[in-house]
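Coordinates in review
So you can see what is in the structure, the chains are spelled out below.
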Amino acid sequence: MSLFSPDPLSRLRSRLAAPAGLHRTVQYAFFAFFLYVGLRFYFYAMWAMGQSDIYVPKPPSAEAFLPISALLGAKRLLFTGLYDPVHPAGLTIFLLACATAFLLRKGFCGYLCPVGCLSMLLDRLGARLGIRRRPGKFLSALLSLPKYGLLAFFAWIVLWNMSLADIEGFIRTPYNQVADTKMLLFFLHPTTTLLVILGVLVLGGMLIPSFWCRGFCPYGALLGLFSWLSPVALRRDPEACTNCRRCTSACPSRIPVHEKLRISGPECVGCTECAGACPQKDCLTVRLGYTEKAVKLPAWSIAAGTLLALYLFFAWATATGNWETRVPPAAARALHQNILRLDHP
């Protein structure tokens, strides 16, 4: 046996070859990326509010945290063909998430979303502390109701009640143009109520797997509905299955995989960790199609497809001028300082 450990590239290749390793590597990479985006956005906000003289360009990816604005932009785009000029990256990311959910299950949630990664880390911490509990079928169904209620509420407000004139007016309001900075300040200066809510979510994330994603994320609820229609899903071969339940134990969303033939429900994020945990060859496989004759795909296809879609959407948005905001930096700084003065006279 060699006294030397394998070189880093060999270890990386070995990790990426396993579904769980690939899933978590991509998750961690995008979580680190969004931490970098958050830091860049903080420096931009400090400049925009006049608290720093060092100009840092606004990172467009920060608009991923404005899903309501993106939903408004999506309705406007659908009925007018006009792209959101204020938060175009937010709209692009929203369309990417919907497209990947329809084509590749909830690949956006499973690989790209930093909140999904944080939920997974809380789940693993709860397991290490010995406090994680697995909800039964009834409790799981009950826990999922709030996010669909929130989704219905936002859909009713935005898609049903707001006219195109209302949306047009809101998009160009000073408040919408600084909404991302307002959200940053909301978390930098939390109220007691916010701290209590965050504490409940953190504790809930350690007790119940994917507590936020399963129960309260309306974005995830929408993507889950799209993913129900996805032609890509994992399929279990009941003849090869030994009912060892390792697939169910490995599932981050705690789906009872061993009971299903086609894992196509709204909670599946397409991580394929269940397939990696299965000891039986070809018992759990990624398939393209809705019948038993669906075409077999490699386990890494959902991850690769999600990353490819991200690149294609980014390349398209950059080439067409639909990635960076059209609000000039000087105008954005003036708006920020005016809004700040109104909030803190």
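Quick summary incoming for the structure in this document. From a predicted model like this one, the values you see are computed outputs, not experimental measurements. Residue positions are given per chain, counted from 1 along the sequence in the order it is written. Whole-chain, interface and lining totals are the exception, using all residues; otherwise, since this is a predicted model, local features are given only for residues with pLDDT of at least 70 and side-chain atom pairs are given and counted only at 80 or more. Each side-chain value is worked out from all heavy atoms of the structure, with water and hydrogens disregarded.

The subject of this paragraph is the overall build of the protein. Counting its regular elements, the protein contains 17 helices and 4 strands. For a compact globule the rule gives 2.2 Å times the number of residues to the power 0.38, and the radius of gyration it is set against comes from C-alpha atoms. Compactness check: the protein gives a C-alpha radius of gyration of 22 Å against a globular reference of 20 Å for 345 residues, within 12% of the reference. To sort residues, take the accessible area from a 1.4 Å probe on protein chains only and compare it with the maximum for the residue type: under 20% means buried, over 50% means exposed, and anything in between is partly exposed. Counting the 345 residues in the protein, one finds 45% classified as buried. Residue contacts follow a heavy-atom distance rule, with two residues in contact if any of their heavy atoms lie within 4.5 Å. Once local pairs closer than 6 in sequence are excluded, the contacts in the protein between residues at least 24 apart make up 76%. Here, Shrake-Rupley sampling with a 1.4 Å probe gives the accessible areas, and only protein chains in the shown set may cover a residue. If you sum the accessible surface of the protein, you get close to 18,300 Å²; carbon and sulfur atoms cover 69% of it. Of note, the protein has its 34 positive side-chain charges centred 6 Å away from the centre of its 17 negative side-chain charges. Secondary structure is summarised from DSSP: a helix means a run of H or I of at least four residues, a strand means a run of E of at least two, and numbering begins at the N terminus for each. For the charge count, each Lys or Arg is scored as positive and each Asp or Glu as negative, with His and the chain ends excluded. To locate a charge, take NZ of a lysine, CZ of an arginine, CG of an aspartate or CD of a glutamate.

Time to look at the nonpolar core. As a rule of thumb, soluble globular proteins bury nonpolar side chains together. Core analysis: the largest hydrophobic core is formed by 69 residues, its most contacted members being Phe 94, Phe 108, Tyr 111, Leu 223, Val 257, Ile 263 and Leu 284. For this core, the element with the highest residue contribution is helix H2 (residues 19–48), accounting for 11 residues. Residue contacts for Phe 108: discarding those within four places in its chain leaves Ile 93, Leu 96, Ala 97, Thr 100, Cys 113, Leu 223 and Thr 306. Definition used in this section: a nonpolar core is a set of buried Ala, Val, Leu, Ile, Met, Phe, Trp, Tyr and Cys residues joined via side-chain atoms within 4.5 Å.

With respect to the helices and strands, the residue Gly 265 is situated in the loop between strand E2 (262–263) and helix H15 (273–277). Between the alpha carbons of Gly 265 and Trp 228 there is a distance of 5.9 Å; along the sequence they are 37 residues apart. In this structure, Gly 265 is in contact with Arg 105, Ser 227 and Trp 228, ignoring residues within four places of it in sequence.

This paragraph deals with the packing of helix H6 (residues 114–129) against helix H11 (residues 192–207). Under this scheme, a helix contributes an axis fitted over its contacting stretch, all axes are lines through C-alpha atoms, and angles between N-to-C directions fall in the 0 to 180 degree range. Viewed as axis vectors pointing N to C, H6 and H11 meet at an angle of 65°, and their least axial separation amounts to 6 Å. H11 is crossed by H6, and the crossing has right-handed handedness. Listed contacts from H11 to Leu 122, Asp 123, Leu 125, Gly 126 and Leu 129 of H6 are Leu 201, Val 202, Gly 205 and Met 206. Charged means Asp, Glu, Lys or Arg here, nonpolar means Ala, Val, Leu, Ile, Met, Phe, Trp, Tyr, Cys or Pro, and polar covers whatever is left, Gly included. A per-class count over the contact of H6 with H11 returns 6 nonpolar, 2 polar and 1 charged. Crossings are classed by handedness, with left-handed meaning an anticlockwise turn of the near helix from the far one by less than a right angle and right-handed meaning a clockwise turn.

None of this, on its own, says anything about what the molecule does.
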